[in-house]
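Residues per chain are reported as follows:
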Amino acid sequence: MSKIRLMIVDDSLFFRTFLNQKLGKNASIEIVGSFGDPIDASKNITKLRPDVIAVDMEMPKMRGNEFLRTVLPKHPGVKAVVISSLSGNVFEAMHAGAIDFVGKPGSRPGYDEDQFIKEIALKIAIASKAHPHAHNGDFRAKSTEKPLTRPVLSGTTSKNIIAIGASTGGTEAIIDVVKNFPERTPGVVIVQHMPPVFTRMYAERVDKICAMRTLEAKNGDRVQRGTILIAPGGDLQMHLRQDASGYYVYLTPGGKVSGHCPSVDVLFDSVAKIAGRHAVGVLLTGMGADGAKGLVQMKSLGAHTIGQDEESCVVYGMPMEAFKRGGVVEQLPLKAIGDAVLRRFGGR
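In what follows, the accompanying structure is described. Here the structure is a predicted model, which is why all the values come from computation and not from measurement.

**Some details on the nonpolar core**
The biggest cluster of nonpolar side chains holds 59 residues, and the ones touching the most others in it are Leu68, Ile164 and Leu284. At six residues, the largest contribution of residues to this core is made by helix α7 (residues 198–209). Setting aside anything within four residues of it in sequence, one finds Leu68 in contact with Val55, Pro73, Ala80, Val82, Ala93, Ala96 and Ala98. Counting 28 residues, the second-largest nonpolar core is a separate cluster that includes Val189, Leu240, Ala292 and Ala303.

What follows is the structure in C-alpha coordinates.
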(Lines give C-alpha, C1' and ligand atoms only; values in the text may rest on other atoms or scores of the structure.)
Protein backbone atom coordinates (compact mmCIF):
# COMPACT_ATOMS: atom_id res chain seq x y z
CA MET A 1 0.00 0.00 0.00
CA SER A 2 1.53 3.33 -1.08
CA LYS A 3 2.28 5.99 1.50
CA ILE A 4 0.47 9.33 1.65
CA ARG A 5 2.74 11.99 0.18
CA LEU A 6 2.63 14.95 2.58
CA MET A 7 3.84 18.53 2.15
CA ILE A 8 4.15 20.77 5.23
CA VAL A 9 3.78 24.56 4.92
CA ASP A 10 4.35 26.54 8.14
CA ASP A 11 6.47 29.63 8.75
CA SER A 12 7.69 28.34 12.14
CA LEU A 13 10.93 26.35 11.79
CA PHE A 14 10.35 24.87 15.25
CA PHE A 15 6.88 23.62 14.32
CA ARG A 16 7.99 22.28 10.92
CA THR A 17 10.80 20.36 12.64
CA PHE A 18 8.31 19.01 15.20
CA LEU A 19 5.94 17.80 12.46
CA ASN A 20 8.77 16.27 10.45
CA GLN A 21 10.03 14.33 13.48
CA LYS A 22 6.63 13.13 14.67
CA LEU A 23 4.83 12.47 11.39
CA GLY A 24 8.00 11.09 9.85
CA LYS A 25 7.64 8.10 12.18
CA ASN A 26 4.19 7.28 10.80
CA ALA A 27 4.43 4.24 8.54
CA SER A 28 1.63 5.47 6.25
CA ILE A 29 3.03 8.98 5.63
CA GLU A 30 5.98 10.12 3.50
CA ILE A 31 6.97 13.77 3.94
CA VAL A 32 7.99 14.97 0.47
CA GLY A 33 8.57 18.63 1.31
CA SER A 34 8.63 21.12 4.15
CA PHE A 35 8.42 24.88 3.52
CA GLY A 36 8.38 28.01 5.62
CA ASP A 37 7.44 30.18 2.64
CA PRO A 38 4.05 29.45 1.02
CA ILE A 39 5.21 31.00 -2.26
CA ASP A 40 8.15 28.56 -2.44
CA ALA A 41 5.76 25.73 -1.56
CA SER A 42 3.38 26.61 -4.40
CA LYS A 43 6.29 26.57 -6.88
CA ASN A 44 7.27 23.03 -5.83
CA ILE A 45 3.91 21.25 -5.84
CA THR A 46 4.18 20.02 -9.43
CA LYS A 47 7.66 18.58 -8.80
CA LEU A 48 6.92 17.01 -5.39
CA ARG A 49 3.40 15.73 -6.20
CA PRO A 50 1.95 15.75 -2.66
CA ASP A 51 -1.33 13.97 -1.97
CA VAL A 52 -2.03 16.19 1.04
CA ILE A 53 -0.73 19.59 2.17
CA ALA A 54 -0.73 20.43 5.90
CA VAL A 55 -0.81 24.22 5.94
CA ASP A 56 -0.64 26.81 8.72
CA MET A 57 -3.34 29.48 8.77
CA GLU A 58 -1.32 32.52 9.85
CA MET A 59 1.85 33.13 7.81
CA PRO A 60 3.52 36.51 7.10
CA LYS A 61 3.72 36.35 3.30
CA MET A 62 0.41 34.66 2.60
CA ARG A 63 -2.40 33.40 4.82
CA GLY A 64 -3.43 29.77 4.62
CA ASN A 65 -6.78 30.52 2.97
CA GLU A 66 -5.06 32.70 0.33
CA PHE A 67 -2.50 29.94 -0.30
CA LEU A 68 -5.30 27.40 -0.82
CA ARG A 69 -7.23 29.69 -3.16
CA THR A 70 -4.07 30.03 -5.24
CA VAL A 71 -2.98 26.39 -5.21
CA LEU A 72 -6.00 24.09 -5.13
CA PRO A 73 -7.66 25.20 -8.41
CA LYS A 74 -4.37 24.52 -10.23
CA HIS A 75 -3.85 21.13 -8.58
CA PRO A 76 -7.30 19.49 -8.23
CA GLY A 77 -5.88 16.17 -7.03
CA VAL A 78 -4.18 17.75 -3.99
CA LYS A 79 -6.06 17.77 -0.67
CA ALA A 80 -5.42 20.13 2.24
CA VAL A 81 -5.63 19.97 6.02
CA VAL A 82 -5.36 23.28 7.87
CA ILE A 83 -3.37 23.66 11.10
CA SER A 84 -4.72 26.52 13.14
CA SER A 85 -4.49 28.32 16.44
CA LEU A 86 -7.75 29.89 17.61
CA SER A 87 -8.68 31.72 14.44
CA GLY A 88 -12.01 32.22 12.71
CA ASN A 89 -10.06 32.38 9.44
CA VAL A 90 -9.96 28.59 9.48
CA PHE A 91 -13.48 28.61 8.04
CA GLU A 92 -12.31 30.77 5.15
CA ALA A 93 -9.78 28.02 4.44
CA MET A 94 -12.56 25.42 4.53
CA HIS A 95 -14.48 27.60 2.09
CA ALA A 96 -11.38 27.68 -0.12
CA GLY A 97 -11.40 23.87 -0.34
CA ALA A 98 -9.56 22.45 2.68
CA ILE A 99 -10.91 19.07 3.75
CA ASP A 100 -10.55 19.57 7.51
CA PHE A 101 -8.63 21.42 10.19
CA VAL A 102 -6.86 20.65 13.44
CA GLY A 103 -6.02 23.00 16.31
CA LYS A 104 -2.36 23.45 17.21
CA PRO A 105 -1.12 22.09 20.55
CA GLY A 106 -2.02 24.62 23.21
CA SER A 107 -5.00 25.95 21.26
CA ARG A 108 -7.42 24.43 23.76
CA PRO A 109 -7.19 23.16 27.36
CA GLY A 110 -5.96 19.60 27.89
CA TYR A 111 -4.76 19.29 24.30
CA ASP A 112 -1.26 17.84 24.21
CA GLU A 113 1.28 17.07 21.51
CA ASP A 114 0.61 13.32 21.34
CA GLN A 115 -3.11 13.94 20.94
CA PHE A 116 -2.36 16.49 18.22
CA ILE A 117 -0.15 14.08 16.25
CA LYS A 118 -2.79 11.31 16.41
CA GLU A 119 -5.48 13.72 15.29
CA ILE A 120 -3.57 15.27 12.42
CA ALA A 121 -2.37 11.87 11.18
CA LEU A 122 -5.97 10.65 11.12
CA LYS A 123 -7.19 13.76 9.29
CA ILE A 124 -4.37 13.49 6.75
CA ALA A 125 -5.44 9.88 6.09
CA ILE A 126 -9.09 10.90 5.71
CA ALA A 127 -8.19 13.84 3.47
CA SER A 128 -6.12 11.63 1.17
CA LYS A 129 -9.28 9.64 0.31
CA ALA A 130 -11.76 12.53 0.31
CA HIS A 131 -13.57 14.08 -2.63
CA PRO A 132 -13.21 17.86 -2.30
CA HIS A 133 -15.80 20.15 -3.80
CA ALA A 134 -15.22 23.85 -4.50
CA HIS A 135 -17.14 26.29 -2.35
CA ASN A 136 -16.73 29.61 -4.11
CA GLY A 137 -19.97 31.42 -3.39
CA ASP A 138 -19.85 35.00 -2.19
CA PHE A 139 -20.91 34.67 1.45
CA ARG A 140 -21.59 38.11 2.88
CA ALA A 141 -22.86 39.44 6.17
CA LYS A 142 -26.59 39.88 6.63
CA SER A 143 -26.19 43.65 6.88
CA THR A 144 -24.69 43.92 3.37
CA GLU A 145 -26.59 41.09 1.72
CA LYS A 146 -29.13 41.81 -1.00
CA PRO A 147 -32.46 40.52 0.36
CA LEU A 148 -33.46 37.17 -1.11
CA THR A 149 -36.97 36.21 -2.17
CA ARG A 150 -37.79 33.66 0.50
CA PRO A 151 -40.69 31.19 0.50
CA VAL A 152 -43.60 31.46 2.87
CA LEU A 153 -43.73 28.34 5.03
CA SER A 154 -47.41 27.54 5.22
CA GLY A 155 -47.27 24.10 6.82
CA THR A 156 -45.33 24.62 10.04
CA THR A 157 -46.36 24.32 13.67
CA SER A 158 -44.54 25.06 16.92
CA LYS A 159 -43.76 21.33 17.13
CA ASN A 160 -41.73 21.25 13.92
CA ILE A 161 -37.94 20.92 14.20
CA ILE A 162 -34.99 20.28 11.87
CA ALA A 163 -32.02 18.21 13.10
CA ILE A 164 -28.74 18.16 11.13
CA GLY A 165 -25.60 16.09 11.66
CA ALA A 166 -22.24 16.31 9.88
CA SER A 167 -18.50 15.70 10.22
CA THR A 168 -15.65 15.97 7.68
CA GLY A 169 -16.67 18.49 5.03
CA GLY A 170 -19.69 19.51 7.06
CA THR A 171 -18.84 23.12 7.84
CA GLU A 172 -19.51 24.16 4.24
CA ALA A 173 -22.23 21.54 3.64
CA ILE A 174 -24.31 22.82 6.56
CA ILE A 175 -24.11 26.36 5.18
CA ASP A 176 -25.28 25.09 1.78
CA VAL A 177 -28.34 23.59 3.45
CA VAL A 178 -29.37 26.47 5.75
CA LYS A 179 -28.21 29.60 3.93
CA ASN A 180 -31.59 30.23 2.25
CA PHE A 181 -33.86 29.21 5.11
CA PRO A 182 -36.37 32.02 5.81
CA GLU A 183 -36.23 33.81 9.14
CA ARG A 184 -39.35 32.01 10.38
CA THR A 185 -38.10 28.49 9.58
CA PRO A 186 -38.73 25.98 12.41
CA GLY A 187 -35.90 25.69 14.92
CA VAL A 188 -32.74 23.92 13.76
CA VAL A 189 -30.41 21.86 16.00
CA ILE A 190 -27.00 20.82 14.69
CA VAL A 191 -24.13 18.57 15.68
CA GLN A 192 -20.98 19.21 13.63
CA HIS A 193 -17.91 17.35 14.88
CA MET A 194 -15.54 20.16 15.84
CA PRO A 195 -13.20 21.14 18.69
CA PRO A 196 -14.37 23.42 21.51
CA VAL A 197 -14.13 27.18 20.91
CA PHE A 198 -14.23 26.60 17.15
CA THR A 199 -17.96 25.78 17.42
CA ARG A 200 -18.59 29.27 18.78
CA MET A 201 -16.61 30.84 15.92
CA TYR A 202 -18.46 28.63 13.44
CA ALA A 203 -21.84 29.69 14.87
CA GLU A 204 -20.77 33.33 14.44
CA ARG A 205 -19.85 32.63 10.81
CA VAL A 206 -23.17 30.93 10.05
CA ASP A 207 -25.03 33.77 11.75
CA LYS A 208 -23.45 36.29 9.36
CA ILE A 209 -24.49 34.24 6.33
CA CYS A 210 -28.00 33.08 7.20
CA ALA A 211 -31.32 34.83 7.76
CA MET A 212 -31.88 32.69 10.85
CA ARG A 213 -30.19 33.65 14.13
CA THR A 214 -27.38 31.18 14.85
CA LEU A 215 -25.86 30.45 18.27
CA GLU A 216 -23.55 28.00 19.96
CA ALA A 217 -26.03 26.18 22.20
CA LYS A 218 -26.14 26.69 25.96
CA ASN A 219 -27.98 24.47 28.39
CA GLY A 220 -31.67 25.35 28.38
CA ASP A 221 -31.68 27.33 25.12
CA ARG A 222 -35.12 27.28 23.49
CA VAL A 223 -35.54 25.64 20.10
CA GLN A 224 -37.81 28.06 18.29
CA ARG A 225 -38.63 29.49 14.89
CA GLY A 226 -35.83 31.49 13.35
CA THR A 227 -33.05 30.03 15.53
CA ILE A 228 -30.22 27.61 14.77
CA LEU A 229 -28.45 26.01 17.74
CA ILE A 230 -25.04 24.37 17.19
CA ALA A 231 -23.84 21.88 19.81
CA PRO A 232 -20.68 23.11 21.58
CA GLY A 233 -17.53 21.11 20.94
CA GLY A 234 -15.90 19.43 23.92
CA ASP A 235 -17.28 17.02 26.50
CA LEU A 236 -21.03 17.73 26.39
CA GLN A 237 -23.75 15.75 24.63
CA MET A 238 -26.74 17.72 23.29
CA HIS A 239 -30.27 16.34 23.73
CA LEU A 240 -33.70 17.68 22.82
CA ARG A 241 -36.16 18.09 25.69
CA GLN A 242 -39.71 19.42 25.96
CA ASP A 243 -41.71 21.29 28.59
CA ALA A 244 -44.99 23.22 28.64
CA SER A 245 -43.37 26.05 26.64
CA GLY A 246 -41.97 23.83 23.88
CA TYR A 247 -38.59 22.41 22.94
CA TYR A 248 -35.23 23.24 24.51
CA VAL A 249 -31.73 21.72 24.44
CA TYR A 250 -30.22 19.91 27.39
CA LEU A 251 -26.43 19.55 27.60
CA THR A 252 -25.00 16.72 29.68
CA PRO A 253 -21.38 15.76 30.44
CA GLY A 254 -20.53 12.32 29.18
CA GLY A 255 -18.21 10.12 27.22
CA LYS A 256 -18.12 9.63 23.49
CA VAL A 257 -21.05 7.96 21.74
CA SER A 258 -20.47 6.46 18.29
CA GLY A 259 -16.91 7.76 18.68
CA HIS A 260 -17.85 11.40 19.26
CA CYS A 261 -18.81 14.02 21.80
CA PRO A 262 -21.05 15.69 20.89
CA SER A 263 -22.63 12.82 18.96
CA VAL A 264 -25.15 13.06 16.13
CA ASP A 265 -26.70 9.80 17.33
CA VAL A 266 -27.43 11.28 20.76
CA LEU A 267 -29.12 14.32 19.26
CA PHE A 268 -31.08 12.38 16.62
CA ASP A 269 -32.27 9.78 19.15
CA SER A 270 -33.65 12.49 21.43
CA VAL A 271 -35.30 14.32 18.52
CA ALA A 272 -36.93 11.07 17.41
CA LYS A 273 -38.39 10.43 20.87
CA ILE A 274 -39.51 14.00 21.56
CA ALA A 275 -40.59 15.31 18.14
CA GLY A 276 -41.33 12.13 16.14
CA ARG A 277 -43.25 12.83 12.93
CA HIS A 278 -42.90 16.60 13.42
CA ALA A 279 -39.15 16.43 12.74
CA VAL A 280 -36.93 16.43 9.67
CA GLY A 281 -33.53 14.76 10.03
CA VAL A 282 -30.60 15.52 7.71
CA LEU A 283 -27.32 13.57 7.70
CA LEU A 284 -24.46 15.11 5.75
CA THR A 285 -20.88 14.27 4.77
CA GLY A 286 -18.57 12.69 7.32
CA MET A 287 -16.34 9.74 8.14
CA GLY A 288 -17.70 6.83 10.18
CA ALA A 289 -21.25 5.97 11.20
CA ASP A 290 -22.28 8.61 13.75
CA GLY A 291 -25.89 9.60 13.07
CA ALA A 292 -26.82 6.46 11.12
CA LYS A 293 -28.47 4.73 14.07
CA GLY A 294 -30.18 7.95 15.14
CA LEU A 295 -31.56 8.62 11.64
CA VAL A 296 -33.00 5.11 11.53
CA GLN A 297 -34.69 5.85 14.88
CA MET A 298 -36.06 9.15 13.55
CA LYS A 299 -37.52 7.45 10.48
CA SER A 300 -39.06 4.64 12.57
CA LEU A 301 -40.89 7.22 14.71
CA GLY A 302 -42.31 9.09 11.73
CA ALA A 303 -39.73 11.78 10.95
CA HIS A 304 -38.83 12.64 7.37
CA THR A 305 -35.15 11.77 6.81
CA ILE A 306 -32.68 13.00 4.19
CA GLY A 307 -29.17 11.72 3.46
CA GLN A 308 -26.56 13.43 1.30
CA ASP A 309 -25.64 11.44 -1.80
CA GLU A 310 -22.20 10.00 -2.52
CA GLU A 311 -21.34 12.28 -5.42
CA SER A 312 -21.70 15.50 -3.41
CA CYS A 313 -20.09 14.24 -0.18
CA VAL A 314 -16.52 15.11 0.75
CA VAL A 315 -16.55 11.81 2.67
CA TYR A 316 -19.43 9.42 2.00
CA GLY A 317 -19.41 7.63 5.35
CA MET A 318 -22.15 8.70 7.78
CA PRO A 319 -24.93 9.14 5.18
CA MET A 320 -23.86 5.90 3.47
CA GLU A 321 -24.28 3.96 6.72
CA ALA A 322 -27.70 5.49 7.31
CA PHE A 323 -28.75 4.62 3.75
CA LYS A 324 -27.50 1.02 4.08
CA ARG A 325 -29.45 0.62 7.33
CA GLY A 326 -32.68 1.87 5.76
CA GLY A 327 -32.77 5.18 7.62
CA VAL A 328 -32.93 7.49 4.58
CA VAL A 329 -36.26 8.45 2.99
CA GLU A 330 -34.66 10.79 0.44
CA GLN A 331 -31.06 10.60 -0.77
CA LEU A 332 -30.18 13.90 -2.45
CA PRO A 333 -27.26 15.96 -3.76
CA LEU A 334 -26.18 18.69 -1.36
CA LYS A 335 -27.56 21.54 -3.48
CA ALA A 336 -31.07 20.03 -3.34
CA ILE A 337 -31.29 19.36 0.40
CA GLY A 338 -32.19 22.85 1.62
CA ASP A 339 -35.17 23.10 -0.73
CA ALA A 340 -36.23 19.55 0.14
CA VAL A 341 -36.37 20.52 3.80
CA LEU A 342 -38.44 23.63 3.04
CA ARG A 343 -40.88 21.61 0.94
CA ARG A 344 -41.75 19.59 4.05
CA PHE A 345 -43.13 22.82 5.53
CA GLY A 346 -44.97 24.09 2.44
CA GLY A 347 -42.10 26.23 1.13
CA ARG A 348 -40.93 26.30 -2.51
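**A word on the side chain of Thr185**
Tracing the sequence through the fold places Thr185 in the loop between α6 (170–178) and β7 (188–192). A polar contact of 2.7 Å, which involves the side chain of Thr185, links it to the backbone oxygen of Pro182.

**Observations concerning the sheet that holds strand β14 (residues 330–332)**
Two pairing modes exist for strands in a sheet, parallel and antiparallel, and in both the strands are linked by backbone hydrogen bonds. An order of β8-β9-β7-β6-β12-β13-β14 is seen for the seven strands of this open sheet, with the pairing classed as parallel. Each edge of the sheet is formed by a strand with only one pairing partner; in this case those strands are β8 (213–216) and β14. Between one strand axis and the next, the sheet turns through 20° on average, direction left out of account. Two strands pair when backbone bridges link them, and strand β6 (residues 161–166) and strand β12 (residues 279–283) are joined in this way by five bridges, in the parallel orientation. Pairing of Ile161 across the sheet is with Ala279, part of β12. Sheet contacts for α6: β6, β7, β9 (227–230) and β13 (304–308); angle to β6, the most-contacted strand, approximately 155°. Sitting on the sheet, helix α11 (residues 334–343) touches β6, β12, β13 and β14, and the angle it makes with β14 is about 140°.

**Things to note about the packing of helix α1 (residues 13–23) against helix α5 (residues 113–129)**
At a closest axis distance of 11 Å, the pairing of α1 and α5 adopts a crossing angle of 75°. Taken together, α1 and α5 sit at an angle that is classed as roughly perpendicular. Here Phe15, Phe18, Leu19, Lys22 and Leu23 of α1 come into contact with α5, specifically with Glu113, Asp114, Phe116, Ile117, Ile120, Ala121 and Ile124. Along the lines of polarity and charge, the residues of the contact of α1 with α5 split into nine nonpolar, no polar and three charged.

**Brief notes about helix α3 (residues 64–71)**
Think of an α-helix as turning once every 3.6 residues; residues three or four places apart then point the same way. Those residues of α3 that sit buried are Gly64, Asn65, Phe67, Leu68 and Val71. When α3 is viewed along its axis, its buried side chains cluster within an angular range of 155° and face the same direction. Where the residues of α3 are buried, they touch β1 (4–9), α2 (38–48), β3 (52–56), β4 (79–84) and α4 (90–95).

Conventions and cut-offs
- Residues numbered from 1 in each chain as written.
- Predicted model: local features only at pLDDT ≥ 70, side-chain atom pairs only at ≥ 80, totals over all residues.
- Heavy atoms only, no water.
- Core = buried A, V, L, I, M, F, W, Y, C linked by side-chain atoms within 4.5 Å.
- Buried < 20%, exposed > 50% of the residue type's maximum accessible area, 1.4 Å probe, protein only.
- Helix = DSSP H or I, 4+ residues; strand = E, 2+ residues; numbered from the N terminus.
- Contact = heavy atoms within 4.5 Å.
- Polar contact = N/O pair within 3.5 Å; in protein donor to acceptor, adjacent residues only side chain to side chain.
- Pairing = 2+ DSSP bridges.
- Axes fitted to C-alpha atoms, helices over the stretch in contact; angles between N-to-C directions.
- Parallel < 35°, antiparallel > 145°, perpendicular 65-115°, else oblique.
- Nonpolar A, V, L, I, M, F, W, Y, C, P; charged D, E, K, R; others polar.
- Arc of directions from axis to C-beta.

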